[in-house]
Amino acid sequence: MVKVNFDKANEINNIDKYVNEAKEHISDLLSDKIDMTGWVKHPINYDKEEFARIKEVAAEIKNEAEVLVSIGIGGSYLGAKAAIDFLSDYYANRLKHEKGKGVEVIFVGNGLSEKYLKETLDYVEGKNFYINVISKSGGTLEPAVAFDKFKKLCEKKYGKDETKKRIIATTDKEKGILKEEANKEGYRTFVVPDNIGGRYSVLSAVGLLPIAAAGYDIDKLLAGAKSAYDVYTKDDVKVNDAMKYAIVRNLYYNNGKDIEVFSTLSPNMQYFSEWLKQLFGESECKGNKGIFPASLNMTADLHSMGQLMQDGKRNLFETFITITNDYDDDRIRYSDKFYVNDLNDIALRATEKAHLTGNVPVIDIRVSEQNEITLGELFYFFMMSCAISALILKVNPFNQPGVEEYKKNIKELLK
């Protein structure tokens, strides 16, 4: 289970003022009183038939392809990217594909760089590939552009009939541009649930198909989320650290700490931080309120951002997320006394001590194993704590009205 240490959280003695409110929010999340809360009970009531189909299609992709092109933006890709990076060998994408072991997953449609799109098309052209296009509506600009180009490449390489088999659409159950095209062309489809928003969707088909195709055990991923559900839906602050974390964040915010820095010490965690930034930024930051989520990759960023953290404006707090056994069985010694990972832990403790001296509150969040079960726990921990935290802040965690403004401007300029 995720372990959280609040000993260095200097407002921890004041949590009682929010406990009863947090309990009510947990009750509301469990009772379906709030829209878009399907993710809360998803680990126990997910669609078993669709889950079986996800595993079947993932097995087909692993057996017949080298690459899965995953097309999506925001919540349609960040969770899967975070999971695959968390679970993968650093150089997994350079390893030769072995039948049945998992494919290289390439993420596109999350930007509008022409150079990246061209180079990715050139790379994939020489590979045996499938496409998973992920969009609830099908109308979002970035994935729509990428899907058009990769669909044409697929048709050119395999022909129209084979393309029908090689494109899988994860989209709305009944409506939308992508659903209509899938019906017309005969693509297989999975569902973006109506009651689960994109940034909470990693444990649905949105994230599960790419993760399974990459060769990871999605049964264990959901098992980890289920064990987290059993703990983080309790209304006892003594056992529910997600609840406590949400309260402490609000205490910091009300004390002038309006930036949270997520710090990690493993390169595998970089995209997990990106997922967190969307989760908290899009859920909490509304109505001129909210904690700005930032991230640092330690120890590298200590040499570029350490001065700011130690001696800059005192409007931030730091949440360390670490994997305690981030090393292989064949370990690397630095000396008779230390392995390299021991140095990483020393650097963590030294950094915490320094930042605390510099009046930066620190929260420690740790998982012991780098596997699917602990990742499922970690995903659920943060989704639950984010929802409770936003509700304490009195904002809706599940809408994103501010996102629509720039989309409207893009549509006007495209005219």
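Residues numbered from 1 in each chain as written. Predicted model: local features only at pLDDT ≥ 70, side-chain atom pairs only at ≥ 80, totals over all residues. Heavy atoms only, no water.

Q: Teacher, can you tell me more about the pattern of salt bridges here?
A: It is possible for side chains of opposite charge to pair when their charged atoms get near one another. Tallied over the full model, the rule gives 25 salt bridges. K136 is paired through a salt bridge with D172; the nearest N and O atoms lie 2.9 Å apart. Remark: D172 occurs in the loop between β5 (167-171) and α8 (177-185) and K136 occurs in the loop between β4 (129-134) and α6 (141-158); sequence separation between them is 36 residues. Residue D172 is classed as buried on the basis of its relative accessible area, which comes to 5%. Across the salt bridge formed by K277 and E274, the nearest N and O atoms sit 3.0 Å from each other. You can see K277 and its partner E274 sitting in helix α12 (residues 270-284), three residues apart, about one turn around the helix. Overlapping salt bridges, with partners in common, bring together K136, D172, K175 and D194 in one network. (Salt bridge = Lys/Arg side-chain N within 4 Å of Asp/Glu carboxyl O. Helix = DSSP H or I, 4+ residues; strand = E, 2+ residues; numbered from the N terminus. Buried < 20%, exposed > 50% of the residue type's maximum accessible area, 1.4 Å probe, protein only.)

Q: For this particular structure, what's the right way to read the nonpolar core?
A: In summary, soluble globular proteins display a tendency toward joint burial of nonpolar side chains. Core analysis: the biggest nonpolar cluster contains 91 residues, and W275 and F382 have the highest contact counts within it. Sorting elements by how many residues they give to this core places helix α15 (residues 372-392) first, with 13 residues. Membership of the second largest hydrophobic core comes to 21 residues, among which are L117, F147, F150 and I167. (Core = buried A, V, L, I, M, F, W, Y, C linked by side-chain atoms within 4.5 Å.)

Q: I tried to follow the sheet that holds strand β7 (residues 259-264) on my own but got confused; where do I start?
A: In any sheet, the strands associate via hydrogen bonds between backbone groups, in a parallel or an antiparallel arrangement. In spatial order, the strands read β1-β10-β9-β7-β8; together these five strands make up an open sheet with mixed pairing. If you trace the sheet from one side to the other, it starts and ends with β1 (3-5) and β8 (292-297), each paired once. Strand-to-strand twist across the sheet, computed as the mean angle between neighbouring axes with direction ignored, equals 20 degrees. Where β7 lies against β8, six bridges are found, and the strand directions are parallel. In the strand pairing of β8, S263 is matched with L296. (Pairing = 2+ DSSP bridges. Axes fitted to C-alpha atoms, helices over the stretch in contact; angles between N-to-C directions.)

Q: So what exactly am I meant to see when it comes to α15 here?
A: Every α-helical turn comprises 3.6 residues, leaving residues that sit three or four positions apart pointing alike. Its 21 residues give α15 an end-to-end C-alpha distance of 30 Å, which sits within 8% of 30 Å, the value for a rise of 1.5 Å per residue. With 20 of 21 residues buried, α15 is to be regarded as a mostly interior element. Looking at where α15 begins, the residue whose side-chain oxygen comes 3.2 Å from the main-chain nitrogen of I373 is N371. (Expected span 1.5 Å × (residues − 1). Polar contact = N/O pair within 3.5 Å; in protein donor to acceptor, adjacent residues only side chain to side chain.)

Q: Would you take a moment to explain a nonpolar patch on the surface for this structure?
A: A cluster of nonpolar residues, I332, Y334, V340, L343 and I346, forms a patch on the protein surface that exposes about 470 Å² of accessible area. Summarising the element assignment, L343 is placed in helix α14 (residues 340-357). Owing to a relative accessible area of 31%, L343 belongs among the partly exposed residues under this scheme. (Patch = residues over 30% accessible without salt bridge, like charges linked within 9 Å, V, L, I, M, F, W, Y side chains within 5 Å. Areas by Shrake-Rupley, 256 points an atom, 1.4 Å probe, with all protein chains shown as cover.)

Q: What is the right way to look at the sheet that holds β5 in this model?
A: Ordered in space as β3-β2-β4-β5-β6, the five strands form an open sheet in which the pairing is parallel. Both outer strands of the open sheet, β3 (104-108) and β6 (188-191), are each paired with one neighbouring strand and no more. The sheet shows a mean angle of 20 degrees between the axes of neighbouring strands, direction not considered. Pairing between β5 and β6: four bridges, direction parallel. Of the residues in β6, the one forming a bridge with T170 is F190.

Nothing here speaks to function; it is geometry throughout.
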